[in-house]
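# Structural description and commentary
One letter stands for each residue in the lines below.
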Amino acid sequence: MEGRMQGKAQQLSDSNRRIMEADAAPPRRVYQAWKGSNIFFLGGRLIFGPDVRSLIATVCLIVIPVIIFAAVVSPQLAHGYQNQIGGWVASVSIIFTAYILVLLLLTSGRDPGIVPRNSHPPEPEDIGESSNLSDWPGGQHGSAGLPLTKDVLVNGVLVKVKYCHTCMLYRPPRCSHCSICNNCIERFDHHCPWVGQCIGKRNYRFFLMFVSSATVLCIYVFTFCWVNIGKTMDTHECTFGRAILKSPISAILMLYTFVAVWFVGGLTSFHLYLISTNQTTYENFRYRYDRRSNPYNRGLVQNFIEILCSRIPSSRNNFRAKANEDSAAFASTLSMGRVLSPPKMSVDLEMGTKRQAVGAEDMEDLHSQIGSSMGLERCGTEPPHFVGRKGCSEIASDIETFAEEFGMDNKFTERKKIEPHTNDNP
């Protein structure tokens, strides 16, 4: 029995120590408590997708050919033309490559337009009368009895928006949930593995600039490698095949850029088409809008202005802000089994602050629960769900510890003093 009581005392001591460590711990930031699959750097200043490692391959595919071009082909051009053209060609390629890397960082390292998650499902009365269950057999509902779709009016056209069970919200029009990043993204276009990030409302412009600039760089390198091959043919008065043997690096770079330009150039052309019709990649493959059914098409000029010239909205997430801790997590650290239901209180676990006082109504509720638990100890009975967990004496010690934590030790002691007199009554 003595060993059991010592073990119980050690358990309560550990519980109190965990509470004190939680109070002394530095505040958690939003990016540290983030529920998505993103990876953060520099204290939440940069946000990437879970496949951020693919950026290494992308950077290498851009930088290594440019380094070879500047180190090998440019000096050959300078020697062939007997002037500073080689230095200028190399400088332009290096500066333009640095510009492309900046665009790559702006595409992959910023919030693409993540819609903040709800902490609980929306109330049914907040949905309005626009909910639509006709497309779901049997009137199927989502969590909390919510309809899975509702209608939203966009430019005079009814558009169905879906309920996201993960984010617990109705997605805005053109929003979709990315299964890779595990976030709802505004104006979701696609998830690009080459940049390791979703492409959405806040980084689509930079993505387009990135792929178009990469296309221009490929054409630039290919052109000057071709010029170098031509100069080699004139200098040595040889055929094209022999010129390739004399400058194999130029030939390899020409082949590489020729293949790459079909990829990035084709991607640029495709996205220019999407902009001209105001579509996203997701919408194009899923819905295949025609000219009359696309509610977002505002005409060629207005579509380009909207995508390329409109103001990029600010992020709806402050990843460096202090995260709101759930009070239920604090209640669970008390190891009180099911004696007390989680009290309705606000517990602040931020560094350097104390717990907020419990409100009057919450205090009364707490008193009533403690009183009922003390009644259990007096009568010497336990409800069925306490069997095999804790005896009444152990429960009372837990309650006493809990009362001391919230400044209720005086009232609790008074009740204990009354207790012997109560037990003497027949």
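Residues numbered from 1 in each chain as written. Predicted model: local features only at pLDDT ≥ 70, side-chain atom pairs only at ≥ 80, totals over all residues. Heavy atoms only, no water.

### Section: the packing of aromatic side chains
Scanning the entire structure with this criterion turns up 14 aromatic pairs. Summarising the aromatic geometry, the rings of phenylalanine 40 and phenylalanine 319 are spaced 5.3 Å apart at their centres and angled 55° between planes, so their arrangement reads as tilted. Placement of phenylalanine 40 in strand β1 (residues 39–41) and of phenylalanine 319 in the loop between α8 (300–308) and α9 (327–332) is noted, with a sequence separation of 279 residues between them. Just as phenylalanine 40 is buried, phenylalanine 319 falls in that class too. Here tyrosine 220 and phenylalanine 224 contribute two aromatic rings whose centre-to-centre distance is 4.9 Å and whose plane-to-plane angle is 55°, an arrangement assigned as tilted. Taken as a pair, tyrosine 220 and phenylalanine 224 lie in helix α4 (residues 204–236) at a separation of four residues, close to a single helical turn. Relative accessible area serves as the criterion here: at 22%, phenylalanine 224 is assigned to the partly exposed category. Among the aromatic residues, those joined into a cluster by ring pairs are Tyr31, Trp34, Phe40 and Phe319. If you follow arginine 174 out to its NZ or CZ, it ends over the ring of tyrosine 296, 4.0 Å from the centre. (Phe/Tyr/Trp six-rings, centres within 6.5 Å; stacked < 30°, edge-to-face > 60°. Helix = DSSP H or I, 4+ residues; strand = E, 2+ residues; numbered from the N terminus. Buried < 20%, exposed > 50% of the residue type's maximum accessible area, 1.4 Å probe, protein only. Lys NZ or Arg CZ within 6 Å of the ring centre and 35° of its normal.)

### Notes on the UniProt feature "transmembrane region" (unreviewed entry) in the chain
Per the UniProt entry, the sites bearing "transmembrane region" (unreviewed entry) are residues 55–73, 85–107, 206–229 and 249–275 in this numbering. Helix makes up 100% of residues 206–229 and strand 0%. Its end C-alpha atoms lie 34 Å apart. Each end of residues 249–275 is marked by a C-alpha atom, and these two atoms are 38 Å apart; helix forms 100% of the span and strand 0%. (UniProt positions renumbered as here; feature names shortened; annotations may be inferred.)

### Focus: the packing of α4 against helix α6 (residues 248–277)
The N-to-C vectors of α4 and α6 enclose an angle of 150°; their axes lie 8 Å apart at closest approach. Overall, the two elements α4 and α6 adopt an arrangement that is roughly antiparallel. Where α4 crosses over α6, the two elements pack in a sense that is left-handed. Taken together, the residues of the contact of α4 with α6 sort by class into 22 nonpolar, eight polar and no charged. (Axes fitted to C-alpha atoms, helices over the stretch in contact; angles between N-to-C directions. Parallel < 35°, antiparallel > 145°, perpendicular 65-115°, else oblique. Left-handed = near helix turned anticlockwise from the far one by under 90°. Nonpolar A, V, L, I, M, F, W, Y, C, P; charged D, E, K, R; others polar.)

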